[in-house]
Every structure is written in C-alpha cells, then in structure tokens.
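Coordinate analysis (summary)
Listed here are the chains, written in short residue letters.
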Amino acid sequence: MLGSLGFYSYTTVTKSRSVYTKTENNIEYNIMIDTVKNIGAFIEFEILSDESFGIDNLTCKLNELIDNFKSLDLEKAMFPYRDYSAKTIYDKYLKDKKTIIIDFDNILLNKNYTEEITAENINTLTSNYNTIVNLELLKKIKEIRKDKINFEILKENDLIKIKVKSEKLNKNTEFSYIDLGSKIEDQILTMCKISLLKLLNKKYDWGSLMGVRPTKVLRRLLINGCDYKEARKILKDFYLVTDEKINLMETVVKKELELLDKEHINLYIGIPFCPTKCKYCSFASYEINGGVGRFYNDFVEALLKEIQIVGDFLKTYSKKVSSIYFGGGTPSTLTEEDLKRALEKLLENIDISDVKEFTFEAGREDSLNEKKLEIMKKYSVDRISLNPQSFNLETLKRVNRRFNRENFDLIFKEAKKLEFIINMDLIIGLPEETTEEILDTLSQLKDYDIDNLTIHCLAFKRASKLFKESQERNSIDRDLIERHIQKIVEEKSMKPYYMYRQKNIIEWGENIGYSKEGKESIFNIEMIEEN
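This text gives an overview of the structure that appears in the document. The structure presented is a predicted model; accordingly, all values stated were derived computationally and were not measured.

As for the pattern of salt bridges
- Summed over all chains, the structure comprises 30 salt bridges.
- Residue Asp449 pairs with Lys416 through a salt bridge whose shortest N-O separation is 3.4 Å. Taken together, the positions of Asp449 in the loop between α14 (435-444) and β20 (452-457) and Lys416 in helix α13 (residues 405-417) put the pair 33 residues apart, joining distant regions of the chain.
- Judged by its relative accessible area of 41%, Asp449 falls in the partly exposed class.
- In this structure Lys416 comes out as partly exposed when scored by relative accessible area, which is 28%.
- Where Asp451 meets Lys519, a salt bridge forms, and the shortest distance between an N and an O atom there is 3.3 Å. Of the two residues, Asp451 is situated in the loop between α14 and β20 and Lys519 in the loop between β22 (511-516) and α17 (522-529); the sequence distance between them amounts to 68 residues.

A few points about unusual backbone geometry
- Across the junction of Gly328 and Gly329, the peptide omega takes the value 15°, indicating a cis bond.
- By the secondary structure assignment, Gly329 is in the loop between β16 (320-328) and α10 (336-349).
- Within the chain, Glu432 stands out as a residue other than glycine whose phi angle is a positive 65°.
- In this structure, Glu432 sits in the loop between β19 (421-428) and α14.

Thoughts on the pairing of strand β11 (residues 159-166)
- Across eight bridges, the pairing between strand β10 (residues 149-156) and β11 is antiparallel. Each residue of the ladder has a partner; that of Lys155, found in β11, is Ile160.
- Counting the residues in the hairpin turn of β10 and β11 gives two residues, including Asn157, whose phi is positive at 55°.
- Where β11 lies against strand β12 (residues 171-178), eight bridges are found, and the strand directions are antiparallel.

So, the environment of Gly207
- Within the secondary structure, Gly207 is located in the loop between α5 (187-199) and α6 (215-223).
- When the C-alpha positions of Gly207 and Leu240 are compared, they lie 4.4 Å apart, and in sequence the two are 33 residues distant.

Brief notes about the packing of aromatic side chains
- For the coordinates displayed, the defined rule picks out 19 aromatic pairs.
- Arranged with centres 4.6 Å apart and planes meeting at 20°, the rings of Tyr325 and Phe523 form a pair that is stacked. Linking Tyr325 in strand β16 with Phe523 in helix α17, this pair joins segments that are 198 residues apart in sequence.
- Phe523 sits in the buried class, given a relative accessible area of 8%.
- Aromatic side chains Phe326 and Phe358 sit 6.1 Å apart centroid to centroid with 25° between the ring planes, which places their arrangement in the stacked category. Taken together, the residues Phe326 in strand β16 and Phe358 in strand β17 (residues 357-360) connect sequence positions 32 residues apart.
- The buried category is assigned to Phe358, whose relative accessible area is 3%.
- Ring pairing ties together the aromatic residues Phe391, Phe403, Phe408, Phe412 and Tyr448, which thus form one cluster.
- Geometry around Tyr228 places Lys254 over its ring, the cationic atom sitting 4.8 Å from the centre.
- The residue whose ring lies beneath Arg405 is Phe391, and the NZ or CZ to ring-centre distance is 4.2 Å.

The rules behind the values
- Residues numbered from 1 in each chain as written.
- Predicted model: local features only at pLDDT ≥ 70, side-chain atom pairs only at ≥ 80, totals over all residues.
- Heavy atoms only, no water.
- Salt bridge = Lys/Arg side-chain N within 4 Å of Asp/Glu carboxyl O.
- Helix = DSSP H or I, 4+ residues; strand = E, 2+ residues; numbered from the N terminus.
- Buried < 20%, exposed > 50% of the residue type's maximum accessible area, 1.4 Å probe, protein only.
- Pairing = 2+ DSSP bridges.
- Phe/Tyr/Trp six-rings, centres within 6.5 Å; stacked < 30°, edge-to-face > 60°.
- Lys NZ or Arg CZ within 6 Å of the ring centre and 35° of its normal.

Here you go:
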C-alpha cells in the first residue's frame, strides 16, 4: 500500500496560494506561508489502501515537521503591508531596493515586476499589489520541485509497520509498534507522522506531540487501561517524548485527576477592555480610551442583563457552579461603581453555595486601586492575578504595557492584607529581553509571597500586533532559565498543576501553572482540559 506526499503553500493575506522553497540535505521543500509571517511546514499526503485496512483517503496535516527556515529570513522577506502606512513600508523595507511587489492573485512563476520602488510611488504600488517579496525569495519560487515520499503500511498479527522512503533524499526508514487499539487515536496516522520525523532526523523535546494539551494523551492512556509505567513507555518509545516532559505531564495529570469535577460547571465572565493593548495579546480586548471604548457603558448594561439571563437559566439546570472567573481583557478596567454593580448582580442571580473559588484577573496594576480590591473582597472574590509579565520596564514599554512598580507593590501589599490568594504571570521570551534580564525578573519573585506562579513562553499569535511586526526571537539560555525557575518554585513549595502549549511557541516551551498545595486554580484545570 503506497501513498504520495506533496507540499503545498498559501498566504492568508490574499486568500490565495503562494509558494517558496527551502533546501535542506539536497532536497527542496515547497513550504506553506501559514500567514505571511507565521512560517511552518504544512504537509498533506494521501494513502490509498485496501478496504480491510480501513484508511481510505487518509489525510494528515503535520505542523512544525521541518525547522523554522531562518536561512530564508522570511521575517524580513514578507509582511502584510495593510497594517503599515506607505511611509513606514518605504522606510522600513524598501529603501535598499531589494524588494519588489508581487500580485499573488495573478502571479505567474516566470513573471517579474521590475518597476522601481520610490518614496513617491509607494502609495500607488502598495494599493495595486498584495504582498512585498524579497527578490531572493522570488528566485526560489521559480525553482519549485516536489519530493516524492512513499509510505508502505503493513500489519502483521498485532504489529503495525510503516516503511517510508524519500526519493530525493534517497533515504528510507521503518517504524514498527504493537497495535495499541483504543489506547490512542488514529495509530496509523500518528505512526505516519512519526516516521516522517524519523526520516528527516527531527528530534523535539515533545516528540511527535504537537497539540495544545499533551496531558490529554496521557489521560487517554490511563482511561484506556494503562498504568503510569506502561503509559510512560508509550510516550517515550512511541510518541518520542523526552523523560523530562513525561515527568512534567505525569505530575500535572496526577494533580488534575484529584481536582477535575464533572458534577459541576464553571462560569466565565469576560470584560473586553484594557488600559492599553499589549502587543503579544490576541484576545478580544480593546483599549478603554480607543474607538471601541465608546461602547463601554452599553457593554456594562448588556453584561448586567446577561448575568440575570444566565442566572435564570441556571435555576433550571441540574448542575451548580463550582468556580467563577472574571477574565478579559482586564476586568479591573471596570470603574469602581460598575465593578460593584456587576458583582452585586452576580451574587443576586447566581447560586454560589457550591463555589470553591471566585477569581478576578486583576492583572494590570494601572487598572487597580485599594477601593477596587475592597469591593472585590466584599462580594466574595477570593483569588486575584497580579501579572507583571516582566519587571524590566524597557521590555514592558516595547510591548505597550504600562507598569508602575511603586503602585504594583502597594496593590500587592493591600491584596495580602485582604487575604486574597494571589497568582503572578511571567512571560519568557518577550521581544529583545535577554537571559540576564529574565533571570533578574525571576530573582525578584523572592520579594513576593505568592500562592500561584504561571510561567508562559511567548507565542506569536496571529491576531496580535507583535505577530505582524516581527517574529524574531532573542537567543536565550534555556537550561539556565529553567534551573532558576525550578529553584524558585521549590523555595516557594510550589508544584506544577496545569500546563498547555500553543502554536508558534518556543520549540521546547510550554505554559505551566505552579501552585502551593491546596491553592490550585480549579478553573484553570477545567478550562485547559475541556472537562
């Protein structure tokens, strides 16, 4: 049973296909542009087989199989110009005359646009064409050649065997594993992916696990009869996950299984306003002083009505609420009066007799004061987030996030006095932040008696401003940073209790929530595991 594999590409900016190639080990790949600046590998293949094997027209989309192609310098080669003024485009990209305009809706692979780009005609050119492409990239577009990769799928008793061969690499490999039945989903499809990793000698800490919730894989194994020893073996030998990541998964899953609760529901209330919009943010949030801010009063009135509607519905529903979470945006952007009205309306309409935690994500110190904290406490909020993300002021300025350390410390002190459970968020890998600056932020955590710590690795999210501006990453010392994090959480008697990954995150990274025993956020676990 043989299949063929092809590489396809497109750009979401023009909703049409565009292609470029990457040469690696004497093979040229046609790589997709996932959005203009989100570069990854998009591989599609079809395997034809006999009916008894049951995999007719099997299609696989395998992301991140090939490295991030830095050699093509795609961050500089392509960008969606619609987010820039004509002058910015000219000043930032075109002065060196090394770029030309390509109309991807009508592109012919042998056609060049040679009109000279100047400060005077840039407005006309950018209104006529869709994307700006580096000349070196255009040369590669003309040299497209597809590799042919063949798969042979065999089943012998309880053994599944995948043989895969690349014609251009003149290389083949084989991957065999026992039939695991219902313990994993789509074993043959998964083995095809893994065989490609083996063929191209790609090794990642997370192995072949590319999803947002790797803990779900371990939970599925346990649900389907594996003990932890067998599950670890499958994660390591089949999925190719490292021992370090397996240990993390196991620690998190054991804590999740203690706290997951199918007998209750969780209530989320989103406030879509912020003091400023952070460049890395892709959530539905709007600057309170921006254009959408004019709808703030209407939003608050609608929110109060919706709380009452939901409350009426829950009176007829069989399950009670166990956790409430005010998120956003920045919920503390609400005025003192509107915060009071919203919390009053909530307690009037929602039965909180079974609520174990009530969280308010008060992440921005520039949206907080002592009065707001007192209102939250009066109306049963018991957990808040205070999220510096970094203690480096220059880093925060680069991502459009205001921060006043004196006010932050004042708010923290008041929150401790009011006996809130406090979480802090930090982001590793913010633009231009060095290893030394990250370590400095981590070292300052010793000054704060927090109950939870959430460490995020920066992910380039498509809807964020940062994604459109630049996806360049500073080189940072992973081992040194991770050792410091481990030392801090041990000193604070914290252990990981929830974890997830994101697309376009650092290859080795993940987002981890650490907590003191008994202070874990139920809502975070329920949300991440989609319980």
